[in-house]
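Examining the three-dimensional arrangement
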Amino acid sequence: MHISGLIAAFFAPIAGVFVGKFSVVPAVRILYLIAFVMMTLKFVILYIFSHETKQGQRRIEETKDESVFSLLKQYGDVFKIIKNSPETLLAFGILLVMSIVNMINNTFWPLFITEKVGIPVQNVSLFHLLRSATVLVLFFIVVPKINVERFKYPLLTGFGTFVVSQLLLISTPFKGYAILVISTLLEALSLSLINPLTDSLTVITVDPKERARIMAILHVIMIGLTSPFGWIAGLLSEKWRGLPFVVNLILFVIGAIFTYYLAIVLERKNHKEVKFSEESLK
């Protein structure tokens, strides 16, 4: 799915062609129409060809005689599991940081490069293509060499590289195409490290028996916490187009702190499990 999303970016230049031919508003209307058709096809194809997982089938069988309200009451116990799992909370913190960063970048990055750097609107999609193509290449070169259990340094490297890319972006002068390209490539490098690790950490740090409900709760909370940052970043952008990316820099520091403590928590947990196993064998 991750690779498919990256390949989809190769169609991004079509948006530039539409903007150049019809201007922004009509082009966006056309793209929304295309999105409607594609997403409807996705729903139909998924409904016809997808199958319920074994865990899903088990849950359906277990809850077939229970009402929706009784099932909702059980979420209180799921919240307790999340609250008592520091590794889950830290992994969720990293996921939340990246969710906010992606939302800010997707919304305000085009505004910044068109207004401050002077990139023509129809050429913005070319930079999206460059970023996705680089991530796709690195996905096959870098990611296979990363062990998710040794996530600390690759993830910290990703955050550090992203910081450099944002600093370069903020300092890009008018018509500074070379610096913008370097910033885009560094951002792609960081995403190739951060995204796969973040997804994996979020899954492996939750209770496998309650993974579906925990992930559902975490994503609802993430949407709620991410949404206000669009408004906050919008206010900052009105003051200066580079301020939303200053927020990103602060978020990267927070993400690095979460990564550091998550590594400590998991190391202690693994040490306790090894010690318990040794004592059991004795």
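Residues numbered from 1 in each chain as written. Predicted model: local features only at pLDDT ≥ 70, side-chain atom pairs only at ≥ 80, totals over all residues. Heavy atoms only, no water.

1. What to know about the side chain of Thr161
Its location among the elements puts Thr161 in helix H9 (residues 152–170). A relative accessible area of 12% places Thr161 in the buried class. A polar contact of 2.7 Å, which involves the side chain of Thr161, links it to the backbone oxygen of Thr157. Once you skip the residues sitting within four places of it in the chain, Thr161 turns out to touch Leu186, Leu189 and Ser190. (Helix = DSSP H or I, 4+ residues; strand = E, 2+ residues; numbered from the N terminus. Buried < 20%, exposed > 50% of the residue type's maximum accessible area, 1.4 Å probe, protein only. Polar contact = N/O pair within 3.5 Å; in protein donor to acceptor, adjacent residues only side chain to side chain. Contact = heavy atoms within 4.5 Å.)

2. Concerning the layout of surface pockets
Estimated volume of the largest pocket: approximately 1400 Å³. Looking at the lining of the largest pocket, the elements with two or more residues in it are helix H1 (2–8), helix H2 (13–22), helix H3 (24–49), helix H7 (86–115), helix H8 (124–141) and helix H10 (177–204). For the lining of the largest pocket, the element with the most residues is H3, which contributes eight residues. When grouped by side-chain class, the residues that make up the lining of the largest pocket number 22 nonpolar, 11 polar and two charged. (1 Å grid on protein atoms, 1.4 Å probe; cavity = no way out; pocket = protein on both sides within 12 Å on 5 of 7 lines; lining within 4 Å. Points joined across faces, edges and corners; volume = space filled by probe spheres on them. Nonpolar A, V, L, I, M, F, W, Y, C, P; charged D, E, K, R; others polar.)

3. Considerations on the pattern of salt bridges
Side chains that differ in charge, positive against negative, can pair when their charged atoms come close. As enumerated under the stated definition, the model contains three salt bridges in all. A salt bridge links Glu61 to Lys64, with the shortest nitrogen-to-oxygen separation between them at 2.8 Å. Taking the relative accessible area as the measure of exposure, Glu61 reaches 49% and is therefore partly exposed. Judged by relative accessible area, which is 54%, Lys64 ranks as exposed. One salt bridge connects Glu115 with Arg241, and the closest N-O pair in it is separated by 2.8 Å. Highlighted residues: Glu115 in helix H7 and Arg241 in the loop between helix H11 (211–239) and helix H12 (243–281), separated in sequence by 126 residues. (Salt bridge = Lys/Arg side-chain N within 4 Å of Asp/Glu carboxyl O.)

4. Brief notes about the packing of aromatic side chains
In the structure shown here, the tally under the stated rule is seven aromatic pairs. Seen from their ring centres, Phe139 and Phe140 are 5.7 Å apart, and the 85 degrees between their planes marks the pair as edge-to-face. Using a relative accessible area of 52% as the deciding quantity, one classes Phe140 as exposed. With a centroid separation of 5.4 Å and an interplanar angle of 85 degrees, the aromatic rings of Tyr260 and Tyr261 are classed as edge-to-face. Three or more aromatic residues link up through ring pairs in this structure, and these residues are Phe159, Phe162 and Phe252. The residue whose ring lies beneath Arg131 is Trp109, and the NZ or CZ to ring-centre distance is 4.7 Å. (Phe/Tyr/Trp six-rings, centres within 6.5 Å; stacked < 30°, edge-to-face > 60°. Lys NZ or Arg CZ within 6 Å of the ring centre and 35° of its normal.)

Structural measurements only, silent on function.
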